[in-house]
Amino acid sequence: MKNNSVHPPKWANRFLEWYCKPELFEDLQGDLYEYFERNIETKGRRRARLNYTLDVIKFFKPYTVKKLEILGQLTQFIMFKNYFKTSIRSIGRNKLFSAINVLGLAISMSVCLLMITMFSEVKNYDRFHADYDRIHRVTNAQKYLENEPNLFASTSVLAGRRLKAEVPGIEAATIITRSFRADAKVGDNTFPFNAPWVDNDFFKVFSFNLLRGDANEALAEPYSVVLTDETAEKFFPDQDPMDQTILMNDQNYRVTGVVEKPPFNSHFKFSALISYTTYEQEERKREENDWWLNWHNMWSNYAYFKLDENTSIDQVQARLTSIADDETSPQDQTKIILGTQPLTNIMSGPDMSNQIGESIGNQALWILGVLAFVVILSAAFNYTNLSIARSLRRAKEVGVRKVVGATKKQVFTQFTIEACIISVCSLIIAYLLFFVLKPLFLNLSPEMQRSLKLEHEPIMLVYFLLFAIGVGISAGFIPSLFLSKLRAIQVLKDASSTRLFSKINLRKVLIVVQFTLSLAFIISASIANRQFKYALNFDLGFDTENVLNVSLAGNDPYLTKAIFEQIPEITDISLSSHVLSTGSRYANRAKSEDGLDSATVYLSQIDHKYIPLMGHQLLAGTNFVKKDKVEKEETVIVNETILNKFKLGTPEEAIGKVLKFGPESSLIVQGVVKNFHYATLDSEIECFAFRHQPQNAEILNLKIMSDNILNTRQKIEAAWLEFDDVHEFRGSFYDERIEAAYSEFEVMFTIVGFLAFITITISALGLLGMGVYTAETRLKEISIRKVLGASEGSLITLLSRGFMWLLLIASLIAIPSTYYLFDSVLLSDQAHRADIGALELLLGVIVIFVIGFMTIGSQTWKAAKSNPAQTLRTE
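About the cut-offs
Residue positions within a chain follow its written sequence, with the count starting from 1. Selection of residues for local features in this predicted model requires a pLDDT of at least 70, selection of side-chain atom pairs for listing and counting requires 80 or more, and totals for whole chains, interfaces and linings are taken over all residues. Hydrogens are left out, water is left out, and the side-chain values use all remaining heavy atoms of the structure. Going along the chain from the N terminus, every DSSP run of H or I of four or more residues is numbered as a helix, and every run of E of two or more is numbered as a strand. We call two residues contacting when some pair of their heavy atoms lies within 4.5 Å. Only protein chains enter the accessibility calculation, which uses a 1.4 Å probe; a residue whose area is less than 20% of its type maximum is buried, one above 50% is exposed, and one in between is partly exposed. Points on a 1 Å grid, built from protein atoms alone, make a cavity when a 1.4 Å probe fits but cannot get out and make a pocket when they are open with protein on both sides within 12 Å along at least 5 of 7 lines; residues with an atom within 4 Å of a point are the lining residues. Grid points are joined across faces, edges and corners, and a volume is the space filled by probe spheres set on the points. For this classification, Asp, Glu, Lys and Arg are treated as charged, while Ala, Val, Leu, Ile, Met, Phe, Trp, Tyr, Cys and Pro are nonpolar and the rest, including Gly, are polar. Here a polar contact is taken to be a pair of N or O atoms separated by no more than 3.5 Å, where protein atoms must pair a possible hydrogen donor with a possible acceptor and residues adjacent in sequence count only if both atoms sit in side chains. Classification of ring pairs uses Phe, Tyr and Trp, with its six-membered ring standing for Trp, and accepts pairs whose centres are within 6.5 Å; under 30 degrees between planes counts as stacked, over 60 as edge-to-face, and the remaining range as tilted. Note on geometry: a ring has a charge over it if NZ (lysine) or CZ (arginine) is within 6 Å of the ring centre and within 35 degrees of the ring normal. Like-charged residues are merged into a patch within 9 Å and nonpolar side chains (Val, Leu, Ile, Met, Phe, Trp, Tyr) within 5 Å, provided each residue has over 30% relative accessible area and no salt bridge. Using a 1.4 Å probe, accessible areas were evaluated by the Shrake-Rupley method; residue-level cover was limited to the displayed protein chains. For this analysis, a salt bridge means a side-chain nitrogen from Lys or Arg found within 4 Å of a carboxyl oxygen belonging to Asp or Glu. For the purpose of counting charges, residues Lys and Arg are taken to be positive, whereas Asp and Glu are taken to be negative. His and the chain ends are not included. Here the site of a charge means NZ on Lys, CZ on Arg, CG on Asp, or CD on Glu. Residues belong to one nonpolar core when they are buried, are Ala, Val, Leu, Ile, Met, Phe, Trp, Tyr or Cys, and are joined through side-chain atoms within 4.5 Å. Expected span of a helix, by definition, is 1.5 Å for each gap between consecutive residues, and there is one gap fewer than residues. Whenever a helix is involved, its axis is fitted only over the stretch in contact; in every case the axis is a line through C-alpha atoms, and angles between N-to-C directions fall within 0 to 180 degrees. Under this scheme an angle from 65 to 115 degrees is roughly perpendicular, one under 35 degrees roughly parallel, and one over 145 degrees roughly antiparallel; angles in between are oblique. Should the near helix be turned anticlockwise from the far one by less than a right angle, the crossing is termed left-handed; should it be turned clockwise, right-handed.

Caption draft 1: The environment of G766, seen in detail. With respect to the helices and strands, G766 occurs in helix α24 (residues 743–777). As a C-alpha pair, G766 and F97 span 669 residues in sequence and 9.0 Å in three-dimensional space. Not counting the four nearest positions on each side in its chain, G766 is found in contact with I100, N382 and L386.

In structure tokens, the structure reads:
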């Protein structure tokens, strides 16, 4: 009978548990307990406890003692050091393959570093404001009948006022209207001046650093202005700018504050701020019909608000929706839906019209991110492919390591570390390439230069290193996994018989995927280039040749016109409110004479010379009558589309009929012009009207006839500088403006073309590696075939045929998929676009086949030229 009340000493048990290996502890303790029970019955309790303690001490021997933790860590360190040395030696022994991997990864990683820096910079936009996560902007979605809504970053003043007055849960809200322009006269100096109107709650929403003045009162009074420190120094050098006066538009403005210049990572930049009460006062003087307060006047106004800490954005959105419903009558064909957008989402959010500052947009970021991922994927495939191919030569190494005791985990770790070392070496080269690519990327477009600097904080270097290690682990995962699964006996007996090499299909798949991506890049670049050329050569329906558009910069149009008329190469001059077909559009609501039909009508304000100078074709009626200033607007010239919208009949029948623009202007149709493209080619032709308002012109259109255009332009610029020494000459030819309007295609062509070059280079490097490997492993076969009479050409054909098949499969995948991507997705919303032809689709295939054949053929030819007797003797 066992005595369960007697137990061995606790401290002896604890000592046993402390030193004994876990896998022996349970058995050893069980045996000692049996002896302990037996000793209790035969020798008594005291002797049993003593014997148990002595037995525990006796078993404190090397085979029972577990390794100390510090010894384990030391072992791991030694093992890591061993892995590192082995990897460095392996990289050194395989110089060509290591160089191919390092170079391929470095090229692709440089693009990724550029993208990481850009994403980081975009993410940090507007985060310098206090409580930036509670600041939002009101947006508008304009929806006509059942059409897709157009998104606008702007809203109406009325929406902003109702937001401030009626929406609960808002800590502060501010309204901004752009753009106040004037010549600022300070003493004897005159400066061009441009600023937004902002209300007195501006500094309650935003945390721009107000250096001087009272944030609560600085923008309260009419004709108050807050200058940035940069503008204040420019206007009042070495003076105190506070309470100074600036004369603008015959009105004295008082400086009531100085604010620090907005940082680069602010989407809203300004050189000064004008009090909103000034805008309200001026608008009340100018307009009797309060159009500036109309719900549909949403083109130049912005509303921002800061949420209360305990309010959700959904609550505000619900109230804004209610306001929009309240302002929309059932008869309205065009509805405006109010929405909200977080401040931190403006740079990377959905693409919207009427942005108050720069915005890259999520679509562009996604495209760039995916392209960078594809490039790094291609380089990772190279590493995987070459590593698997080289496995035959390293199988015996793995077998020997396993025989001497290496585990799967240790082999896997060794090859993963090798991949990480290559990746980190690539990072060093990639970081140098980053500084080469950075200016090239920023110079792609002026928008890039205004939005990005691509500068990074030191912490980003840590992110780069983590990224490189991640790339190394990803690229080395499959080769490490395969090599770690090798069975030692089999690979030492006959390495070529191992099942590892049945995975050859994986390498073929990776090559096909790699060249499919390369082909897709080439085809995409070709299509983008064709679209760009198509847009530049598109017949807009009027003549833009040798027309120089000059901004008036606030000058009197007739005085400026008189200056240019003295230059003999200028054959004609007309006035217009803006330059058509380059992206800028202005619109009014128009109604039929009976008021039953209404529509948005895009317009341009011109003088009587504009239509003949630009070569518009009049289908019926006449041009505007010659008038230097139109006191009362009476007539309008419309396009063909407006006839169908308002059911005005044929062009001849429409002459003399009336259209209402706003509550005051009933205009008689004086002429009908043939439809032309007043917007960019992604838009359909809609209702358009020329209005006879030369006094609202901001652009002079100069028709030039000269054999030396450059010299004539210099004459024009010299005449401008003599006439106006305050404003910079801003003139460009119509064709240049159109080219700038479609620069997105040019940027796309440049980026995709560059990435195509990178992916082709990486793929060609990978193919070169595979060619070298194939030639090495089949050298004996090549020699035997040559001895038996095979020609060098037949040997090249034999060894290249397999790779050519892979390229053909890649072509069959890339061509239809890229065609579908552009035809049905990317260009599907383009109203006018170039057809995708066979040249764009096949050009890439030809390039890839030529590069592939030359790469593989060169290595095979080199092997075929070797002396077969020498080769067979050494083999």
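Additional details are given in the paragraphs that follow.
Caption draft 2: How the structure looks around unusual backbone geometry. Phi is positive for D131, which is not a glycine, with a value near 55 degrees. Since its relative accessible area comes to 32%, D131 is described here as partly exposed. Positive phi, normally seen in glycine, also occurs at D238, with a value near 60 degrees. Mapped onto the fold, D238 is located in the loop between α8 (229–235) and β7 (245–248). The class for D238 is exposed, based on a relative accessible area of 78%.

Caption draft 3: Structural context of empty space enclosed by the protein. One pass over the structure, following the stated rule, counts four cavities of 30 Å³ or more. Taken as a whole, the second largest cavity holds about 70 Å³ of empty space. Around the second largest cavity, the lining residues are Q142, W291, H296, W299, T334, A587, N588, R589 and T600. Per-element accounting of the lining of the second largest cavity gives the leading share, three residues, to strand β14 (residues 587–592). When its residues are assigned to classes, the lining of the second largest cavity shows three nonpolar, five polar and one charged.

Caption draft 4: Region of interest: the side chain of N639. The topology assignment puts N639 in strand β17 (residues 635–639). There is a polar contact of 3.2 Å between the side chain of N639 and the backbone nitrogen of I642. Apart from the residues within four sequence positions on either side, N639 is in contact with V672, V673, N675, I685, E686, C687 and F688.

Caption draft 5: Structural detail: the packing of aromatic side chains. Across all of its chains, the model carries 45 aromatic pairs by this definition. On the numbers, 6.5 Å between centres and 65 degrees between planes, the contact of F208 with F268 is edge-to-face. A residue pair is termed long-range when its members are at least 10 positions apart, and F208 in the loop between α7 (202–205) and β5 (210–212) and F268 in the loop between β8 (251–259) and β9 (272–275) qualify at 60 residues. The pair formed by F208 and F268 is uniform in burial state, with each residue classed as buried. Cluster of aromatic residues (ring-pair linked, three or more members): F180, F191, F193, W197, Y223, F235, F236, Y253, Y276, Y279 and W292. Positioned above the aromatic ring of F264 is the side chain of K269, whose terminal nitrogen or guanidinium carbon lies 5.3 Å from the ring centre.

Caption draft 6: Inspection of a positive patch on the surface at higher detail. A contiguous patch of positive charge on the surface is contributed by K81, K85, R89 and R93. Relative to the elements of secondary structure, R89 occurs in helix α4 (residues 69–93).

Caption draft 7: The arrangement of the nonpolar core in detail. Ranked by size, the top nonpolar core spans 112 residues in total, and within it M118, F441, L452, F690 and Y734 carry the most contacts. The leading source of residues in this core is α24, at 14 residues. In terms of nonpolar packing, the next biggest core, distinct from the first, is built from 27 residues, I175, F191, Y276 and Y279 among them.

Caption draft 8: Here's a closer look at a negative patch on the surface. A cluster of acidic residues, E26, D27, D31 and E34, forms a negative patch at the surface. Relative to the assigned elements, E34 resides in helix α2 (residues 22–43).

Caption draft 9: How the structure looks around helix α5 (residues 95–123). Spanning 29 residues, α5 covers 40 Å between terminal C-alpha atoms, matching the ideal 42 Å at 1.5 Å per step. A large share of α5 lies buried, amounting to 21 of its 29 residues.

Caption draft 10: Region of interest: the environment of A756. Inspection of the secondary structure puts A756 in helix α24. Taking the relative accessible area as the measure of exposure, A756 reaches 5% and is therefore buried. Taking the C-alpha atoms as reference points, A756 and V845, separated by 89 residues in sequence, lie 13 Å from one another. Not counting the four nearest positions on each side in its chain, A756 is found in contact with F521 and I522.

Caption draft 11: Summary view of the packing of α5 against helix α15 (residues 459–484). Closest axis-to-axis distance for the α5/α15 pair is 11 Å, and the angle between their directions is 135 degrees. With respect to α15, the axis of α5 lies oblique. At the point where α5 passes α15, the crossing takes the right-handed sense. Each of L105, M109, C112, L113, I116, T117 and S120 in α5 lies in contact with α15, whose residues at this interface are M460, F464, F467, A468 and V471. When its residues are assigned to classes, the contact of α5 with α15 shows ten nonpolar, two polar and no charged.

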